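Chain and residue survey
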Amino acid sequence: MIIYGKQVCLHALKEHESDIKTVYIAKKGILPQKLFDHFREKIKFLEEKWAQSMSRGGNHQGILIEMESFAQTSLSSLKEENFIIVLDTLTDTGNIGAIVRSAYALGADGIVATGVKTLNLASIIRTSSGALMEMPFVIIPNTLDVLNELKQVGFKIYGASMDGTRVERCKFSERKVLVLGSEGRGISKRATAKIDEMVSIGMKHEFDSLNVSSAAAILIHRMENAI
């Protein structure tokens, strides 16, 4: 797996040393001297054209890292937690990365991506500023299976919807799941049937909706800190 960009690479070097295979540098002085000395044996210098090729034209900022593949968690381990985020057919890695970053920062315990078979996890690591490396995360294609299993062990399922109850008026279960729908279609009809309560964010001005990652941050914060 190749990641790139200064901040996410520095995070990986500092926090995930055992997963680092090779550090590719295309810009002198990009690494602090202490990190450069520590990883000296794994460092290779690249010409800009090869760095651009490895990052597929992305903004690598002069550093790329080859590291071990991301290790997904399991649904069984998430069943031991209290606050799970379920992404229902979300595919945009920018939005998913932003949700991961907010979920990790605001106190959610794990994320399940459903309705998809694969995701570009390296891209999500980058767009989450490295938060995916710290957040339990698993891809399980069948959304209904996930929601059924979580309900069976006592989770209450909440769905994000413009037509739901205002989040500040809700009383949330200790064990809770927040379902976030896709960027274009929202929560799928099949998943909606498994949701116990829809929740919404009150808007001061008429507008279609918030971006899913912005809505996620607000809802996660409210649900985590509800009295």
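Residues numbered from 1 in each chain as written. Predicted model: local features only at pLDDT ≥ 70, side-chain atom pairs only at ≥ 80, totals over all residues. Heavy atoms only, no water.

So, on to the sheet that holds strand β9 (residues 176–180). Ordered in space as β7-β6-β5-β9-β8-β10, the six strands form an open sheet in which the pairing is parallel. Looking at strand neighbours, the two that pair on one side only are β7 (137–140) and β10 (197–200), the edges of this open sheet. Strand-to-strand twist of the sheet, defined as the mean angle between neighbouring strand axes without regard to direction, takes the value 30 degrees. As paired strands, strand β8 (residues 156–166) and β10 are joined by five bridges and run parallel to one another. Note on β10: the bridge partner recorded for threonine 165 is valine 199. Relative to strand β5 (residues 83–88), helix α7 (residues 143–152) is tilted by about 160 degrees, and along the sheet it contacts β5, β6 (110–114), β7, β8 and β9. (Pairing = 2+ DSSP bridges. Helix = DSSP H or I, 4+ residues; strand = E, 2+ residues; numbered from the N terminus. Axes fitted to C-alpha atoms, helices over the stretch in contact; angles between N-to-C directions. Contact = heavy atoms within 4.5 Å.)

Turning our eyes to something else, we now look at the nonpolar core. Among the nonpolar cores identified, the biggest contains 54 residues, and Leu31, Ile85 and Phe137 are the most heavily contacted of them. When near neighbours in sequence (up to four residues on either side) are disregarded, isoleucine 85 contacts Ala103, Ala108, Gly110, Ile111, Val112, Leu178, Leu180 and Ile220. Among the nonpolar cores identified, the runner-up in size contains 17 residues, and Leu75, Val138, Phe155 and Val179 belong to it. (Core = buried A, V, L, I, M, F, W, Y, C linked by side-chain atoms within 4.5 Å. Buried < 20%, exposed > 50% of the residue type's maximum accessible area, 1.4 Å probe, protein only.)

Below, the discussion takes up the sheet that holds strand β3 (residues 43–45). Overall, mixed pairing links the four strands, which are arranged β1-β4-β2-β3 in an open sheet. Where the open sheet ends on each side, the last strands, each with one partner, are β1 (2–4) and β3. Within this sheet the neighbouring strands show an average axis-to-axis angle of 25 degrees, counted without direction. Relative to strand β4 (residues 63–67), β1 runs antiparallel, the two being bridged by three bridges.

In total, this model carries six salt bridges according to the counting rule given. We note a salt bridge from aspartate 37 to arginine 40, for which the minimum N-O separation is 2.7 Å. Note on aspartate 37: relative accessible area 37%, which makes it partly exposed. Residue classification places arginine 40 among the partly exposed residues on the basis of a relative accessible area of 46%. (Salt bridge = Lys/Arg side-chain N within 4 Å of Asp/Glu carboxyl O.)

By themselves these figures say nothing about function.
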